[in-house]
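# Architecture at a glance
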Amino acid sequence: DAKTTQPTSMDCAEGRAANLPCNHSTISGNEYVYWYRQIHSQGPQYIIHGLKNNETNEMASLIITEDRKSSTLILPHATLRDTAVYYCIVSDAGGTSYGKLTFGQGTILTVHP
Amino acid sequence: DTGVSQDPRHKITKRGQNVTFRCDPISEHNRLYWYRQTLGQGPEFLTYFQNEAQLEKSRLLSDRFSAERPKGSFSTLEIQRTEQGDSAMYLCASSRDRESFGAGSRLTVL
């Protein structure tokens, strides 16, 4: 599986946009970019995923660069409940790796009042 | 969609005892995964089922670990002769197109 690189930690003020970067320079053509987050003592929660195009849902937006070597997760209006560890993962969604997820260390996002 | 259910949520056991965790996936999800997460680390893949077939096992899954998914519905993860190093959160996920995780089963081996 391709590996990802994320900053260890980030801070954000409540109500502001949180922009979480991720590098995945060795991503393969059939691999998607997934974002999950994990709030303390809970299981990871799916946020969003994409292949090439930018994606938006009710939780966040995902911006993928044209060369697909990096992406940014955007939480448009961060709240205190968005404080969590955010994982950027690349996976082939059920191909040769059976869709299993390879988690890195993630980014600890702390949202401040 | 009632979510992925895991039981028990917490288990404390003495070294050398056997423990079993159960996972009930989301209905009609044919893929099921087990992960292990230790403190401060991201989850690590243990094993994968497609329906009742166990198609992949990580080298983390020593011979003391066994997982089953009879009838392709719920799954169990058994750890025999537990060791203190087995203390971790054991997470189950099911998928049709993207993985949904349960809340996990936290194991403490004394």
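Our structure's up above, just so we're on the same page.
I will try to describe carefully the structure that is included in this document.

Basis of the calculations
- Residues numbered from 1 in each chain as written.
- Chains lettered and ligands numbered in written order.
- Predicted model: local features only at pLDDT ≥ 70, side-chain atom pairs only at ≥ 80, totals over all residues.
- Heavy atoms only, no water.
- Helix = DSSP H or I, 4+ residues; strand = E, 2+ residues; numbered from the N terminus.
- Buried < 20%, exposed > 50% of the residue type's maximum accessible area, 1.4 Å probe, protein only.
- 1 Å grid on protein atoms, 1.4 Å probe; cavity = no way out; pocket = protein on both sides within 12 Å on 5 of 7 lines; lining within 4 Å.
- Points joined across faces, edges and corners; volume = space filled by probe spheres on them.
- Nonpolar A, V, L, I, M, F, W, Y, C, P; charged D, E, K, R; others polar.
- Contact = heavy atoms within 4.5 Å.
- Salt bridge = Lys/Arg side-chain N within 4 Å of Asp/Glu carboxyl O.
- Polar contact = N/O pair within 3.5 Å; in protein donor to acceptor, adjacent residues only side chain to side chain.
- Phe/Tyr/Trp six-rings, centres within 6.5 Å; stacked < 30°, edge-to-face > 60°.
- Lys NZ or Arg CZ within 6 Å of the ring centre and 35° of its normal.

With that settled, consider unusual backbone geometry. Residue and element names in this part refer to chain B. Looking along the chain, the bond that leaves D7 and enters P8 is cis, with omega of -5°. Locating P8 in the fold gives a position in the loop between β1 (5-7) and β2 (10-13). We note that E28 has phi near 70°; this positive angle belongs to a residue other than glycine. Within the secondary structure layout, E28 lies in the loop between β3 (19-24) and β4 (31-37). A relative accessible area of 68% places E28 in the exposed class.

Counted by the stated rule, this structure contains one cavity of 30 Å³ or more. One number sums up the size of the largest cavity: a volume of about 60 Å³. The wall of the largest cavity is formed by 13 residues, among which A:Y34, A:G99, B:D97, B:R98 and B:E99 lie closest to the centre. For the lining of the largest cavity, the secondary structure elements donating two or more residues are β3 (32-38) of chain A together with β4 of chain B. Within the lining of the largest cavity, the residues separate by chemical class into five nonpolar, four polar and four charged.

Contacts between the two partners involve 19 residues from chain A and, on the opposite side, 20 residues from chain B. Summed over the shared surface of chain A and chain B, the number is one salt bridge. Notably, a salt bridge pairs A:K100 with B:E56, separated by 2.9 Å at the nearest N-O pair. Viewed at the interface, chain B and chain A are joined by four residue pairs in polar contact (both at pLDDT 80 or more). The leading source of residues in the side of chain A that touches chain B is β3(A), at three residues.

Put simply, the largest pocket is a space of about 560 Å³. The wall of the largest pocket is formed by 26 residues, among which A:V85, A:Y87, B:Q37, B:G40 and B:Q41 lie closest to the centre. Residue assignment for the lining of the largest pocket shows that the elements contributing at least two residues are β8 (84-91) of chain A together with β9 (88-95) of chain B. Here the element with the most residues in the lining of the largest pocket is β8(A); it accounts for three residues. Partitioning the lining of the largest pocket into residue classes produces nine nonpolar, 16 polar and one charged. Empty space within the second largest pocket amounts to approximately 270 Å³.

This part is about the side chain of B:R69. All names here are of chain B. The residue R69 is located in the loop between β7 (65-68) and β8 (75-79) in this model. Polar side-chain contacts of R69 include one of 2.8 Å to the backbone oxygen of S73. In this structure R69 touches P25, H29, N30, R31, L32, F49, Q50, N51, E52, F74 and S75, once residues within four positions along its chain are discounted.

For the rest of this paragraph, the subject is the packing of aromatic side chains. Throughout the structure, instances matching the rule amount to 13 aromatic pairs over all chains. Centroid distance B:F65 to B:Y90: 6.4 Å. Interplanar angle 40°. Geometry classified as tilted. Here B:F65, found in strand β7, pairs with B:Y90, found in strand β9; they are 25 residues apart in sequence, far enough to count as distant. Assigned by exposure class, B:F65 and B:Y90 land together as buried. Feature note: the residues A:Y36, A:Y46, A:Y87, A:F103, B:Y33, B:Y35, B:F45, B:Y48 and B:F101 constitute an aromatic cluster, connected by ring pairs. In this structure, A:K100 is placed above the aromatic ring of B:F45, and the distance from its NZ or CZ to the ring centre is 5.3 Å. The aromatic ring of B:F74 is capped on one face by B:R22, whose charged end is 4.0 Å from the ring centroid.

Right, let's talk about the side chain of A:S71 for a bit. Residue and element names in this part refer to chain A. Along the chain, S71 falls in strand β7 (residues 70-75). The buried category is assigned to S71, whose relative accessible area is 3%. Reaching out from S71, the side chain makes a polar contact with the side chain of H24 at a distance of 2.9 Å. Not counting the four nearest positions on each side in its chain, S71 is found in contact with L20, P21, C22, H24, V33, W35, L62, I63, I64 and C88.

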